[in-house]
Amino acid sequence: MQTISENKCHGGIQGVYSHASEVCGCNMTFGLFLPAEAADGPVPVLWYLSGLTCTHENAMTKAGAQTWAAEAGIALVFPDTSPRGNGVADDEAFDLGQGAGFYVNATRTPWAAHFRMWDYLADELPAIVTANFAIAEDRQAITGHSMGGHGALTLAMRLPGRFRSVSAFAPIAHPTASDWGRKQFTAYLGEDESLWAPHDATLLMRRLGFDGPVLIDQGSQDNFLNLLMPETLAQAIAERRQEGQFRMQKGYDHSYYFIATFMPDHIGFHAAELFR
């Protein structure tokens, strides 16, 4: 692992690090905010998964999350959204290839060689982070935006006991029924739709639910509403009687202005569980 940068931030350290990923077969970069309390021992951690076209840097610099994480004494991890570099498959479209890993393990050519974001986030990166930094393995939570909201919800529901809470900002809620999902799943996983279902938050909510609280925020003026399909997830939450909240925020769009506005709520939501 190499240190790219470390900056003092709200009494703690905002770092950026790179490492050789065995599962992705390339170098990967992630951001990590450690609050001041990490100097005295392991602290709880909130994982933030970003959306289409983003890198580790977008949320790190735009969401304002460090302010509230420092106040709560929580670490933040900002992973990248896909493998990158020379020799890594890509596509001219913004919603496929580099920057659009969709948090799945690709099985189809040319993606299978590098696009193994599920294994990267479920296993490899957590092991690296907890081995090298003062992070409490037993106090984790996860959140994300758009494609990252999809990833956060699917990881939380399919890894029972890993995360104490899960939240999402404008998640891709029903990708097996949306062009933000069907296109990518076909490319990465093939045409057998039964292989897509484990990566659909609405279907997982109906089948599994989550063993903790859920918080979803969605902007009412989001220009991608037809692709996100939030109503399907809201209905699944209600039908399952899942512990949680789905909030439609009047007038907000899909941008980081929306995320920054409600980030304090999400940090507080997760802190209540991480310190319970």
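The text that follows walks through the structure, step by step, so that each part is easy to find. (Residues numbered from 1 in each chain as written. Predicted model: local features only at pLDDT ≥ 70, side-chain atom pairs only at ≥ 80, totals over all residues. Heavy atoms only, no water.)

### As for the nonpolar core
- Core analysis: the largest hydrophobic core is formed by 89 residues, its most contacted members being W47, L121, I135, I142, L153, L155 and Y188.
- Sorting elements by how many residues they give to this core places helix α9 (residues 256-274) first, with eight residues.
- Dropping the residues within four chain positions of it, L155 is found in contact with L49, W118, L121, A122, I142 and F163. (Core = buried A, V, L, I, M, F, W, Y, C linked by side-chain atoms within 4.5 Å. Buried < 20%, exposed > 50% of the residue type's maximum accessible area, 1.4 Å probe, protein only. Helix = DSSP H or I, 4+ residues; strand = E, 2+ residues; numbered from the N terminus. Contact = heavy atoms within 4.5 Å.)

### Quick word on empty space enclosed by the protein
- Enumeration according to the criterion identifies one cavity of 30 Å³ or more in this entry.
- For the largest cavity, the calculated volume is near 40 Å³.
- Lining the largest cavity, in full, are W47, L49, L121, P126, Q140, I142, L155, R162 and F163.
- Every element with two or more residues in the lining of the largest cavity is listed here: β4 (43-49), α3 (117-132) and β6 (135-144). (1 Å grid on protein atoms, 1.4 Å probe; cavity = no way out; pocket = protein on both sides within 12 Å on 5 of 7 lines; lining within 4 Å. Points joined across faces, edges and corners; volume = space filled by probe spheres on them.)

### Digging into the pattern of salt bridges
- With the rule as written, the count across this model stands at seven salt bridges.
- Salt-bridge contacts for R84 lead to D80; the nearest nitrogen and oxygen are separated by 2.7 Å.
- Since its relative accessible area comes to 5%, D80 is described here as buried.
- Of the charged contacts in the structure, one is a salt bridge between D119 and R116, with a shortest N-O distance of 2.9 Å.
- Residue R116 is classed as partly exposed on the basis of its relative accessible area of 27%.
- Here the salt bridges share partners, and the residues they tie into one network are D217, R247 and D265. (Salt bridge = Lys/Arg side-chain N within 4 Å of Asp/Glu carboxyl O.)

### Some remarks on the packing of α3 against helix α4 (residues 147-158)
- At their nearest, the axes of α3 and α4 sit 12 Å apart, and the two run at 55 degrees to each other. As summarised for this structure, α3 and α4 are arranged oblique, according to the angle between their axes. For the pair α3 and α4, the sense of crossing is right-handed. Only T154, L155 and R158 of α4 make contact with α3, whose side of the interface consists of W118, L121 and A122. (Axes fitted to C-alpha atoms, helices over the stretch in contact; angles between N-to-C directions. Parallel < 35°, antiparallel > 145°, perpendicular 65-115°, else oblique. Left-handed = near helix turned anticlockwise from the far one by under 90°.)

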